[in-house]
Amino acid sequence: MPFLKPKILRFESLPSTNTELARLASEGGEEGLAIVADEQTAGRGRLQRSWSSPKGAGLYFSILLRPEMPTDQWPLITFMAALAVGDALNEGGGVTTDIKWPNDLLSGERKICGILAEAIETPAGRAVIVGIGINLTNAAFPSELSDVATSVSEASGQEPEREAILAALLRALPRWYSLLNEPGGREKIVAAWSSRSSYATGKLVQVSNGDDVWQGTTCGVEPDGALRLDTGNGEVKLVRAGDVYKVRSSTTGGHGGPPLHLRRE
Ligand code: BTN
């Protein structure tokens, strides 16, 4: 497994760094090819959402990986990326972060970074584009999201330095990607992710996959990255996709209440 050597292409404006990198990957782009844009006009988020990406307000970054591990382990790539972003925000932005499953970086319980990993088919084999969007200032997101979103500038109280954060990210990604690919590395990635996430264990949450909403207490992460949810009736549900929301215990009738499974109409 060669050491990851990011090679950066810079753009003033792109529809989406993920989309552009997928195009380059299909033309033979190598592992480590990466894109940074000053703005995105059609930035994309998880679960088909859009990602607001005004000029200069965020770090909009994507990197191409061509992993050799079995595809059922690929969710760990997003764990690896979340660990790298956590280091980058700490070293380059002076911000300490929590991780919300699967890979939202939070500061003070508000989202500061989102990660969109997309598996693609290319002539050279399956690949993954890891897209990272970091809010540098509050101009990165609409003001109505200010209860749930934050930025490096708000969290650190300092002028954010995009290049310092990017440089730290480019140091951190090869480090964590090497660990992921070492023998025993996947277990170490899950352990490191769990140690940095207040959501890994003992958090009362609701999980929504678009159709269903589940409520329970988190009780660890499976070796493939699935979140374990104790729904309260002796059953542990494994969550592989969806959104996780912290629940205030006063709204649930307490920890010992009946298991909840709501289906959206
Ligand atoms: C999320 O929904 O939390 C994931 C957001 C990912 C946004 C980044 S910004 C750079 C890259 N290009 C995109 O279009 N999306 C990702």
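Residues numbered from 1 in each chain as written. Predicted model: local features only at pLDDT ≥ 70, side-chain atom pairs only at ≥ 80, totals over all residues. Heavy atoms only, no water.

## A short note on the sheet that holds strand E6 (residues 110–122)
- The seven strands are arranged E1-E2-E3-E7-E6-E5-E4 in an open sheet whose pairing can be described as mixed. The two strands at the open ends of the sheet, each matched to only one other strand, are strand E1 (7–14) and strand E4 (98–100). Neighbour-to-neighbour, the strand axes of the sheet open up by a mean angle of 20 degrees, direction not taken into account.
- Relative to strand E3 (residues 58–65), strand E2 (residues 33–40) runs antiparallel, the two sharing four bridges. Note that in E3 the partner of Ile35 across the bridge is Ser62.
- Sheet strands in contact with helix H1 (residues 17–26) are E1, E2, E3, E6 and strand E7 (125–135), and its direction is about 150 degrees off that of E2. (Pairing = 2+ DSSP bridges. Helix = DSSP H or I, 4+ residues; strand = E, 2+ residues; numbered from the N terminus. Axes fitted to C-alpha atoms, helices over the stretch in contact; angles between N-to-C directions. Contact = heavy atoms within 4.5 Å.)

## Things to note about the packing of aromatic side chains
- Summed over all chains, the structure comprises one aromatic pair.
- Aromatic pair Phe79 and Trp193: ring centres 4.4 Å apart, planes at 10 degrees, arrangement stacked. Note that Phe79 is positioned in helix H2 (residues 75–93) and Trp193 in helix H5 (residues 185–196), a separation of 114 residues in sequence. Across the pair, Trp193 and Phe79 agree in class, each one buried. (Phe/Tyr/Trp six-rings, centres within 6.5 Å; stacked < 30°, edge-to-face > 60°. Buried < 20%, exposed > 50% of the residue type's maximum accessible area, 1.4 Å probe, protein only.)

## Topic: the pattern of salt bridges
- By the definition in use, this model includes 20 salt bridges.
- Among the salt bridges present, the one from Arg49 reaches Asp243, with a minimum N-O distance of 2.3 Å. Residue Arg49 is located in the loop between E2 and E3, and its partner Asp243 is located in strand E12 (residues 243–246); the two are separated by 194 residues in the primary sequence.
- Residue class for Arg49 comes out partly exposed when judged on its relative accessible area of 41%.
- Look at Asp243 and you get buried, because its relative accessible area is 8%.
- Here Glu222 makes a salt bridge to Arg228, at a shortest N to O gap of 3.0 Å. (Salt bridge = Lys/Arg side-chain N within 4 Å of Asp/Glu carboxyl O.)

## What to know about the nonpolar core
- Among the nonpolar cores identified, the biggest contains 58 residues, and Phe61 and Ile134 are the most heavily contacted of them.
- Looking at this core, the element that brings in the most residues is H2, giving eleven residues.
- Membership of the second largest hydrophobic core comes to eleven residues, among which are Leu14, Ala25, Leu33 and Ile120. (Core = buried A, V, L, I, M, F, W, Y, C linked by side-chain atoms within 4.5 Å.)

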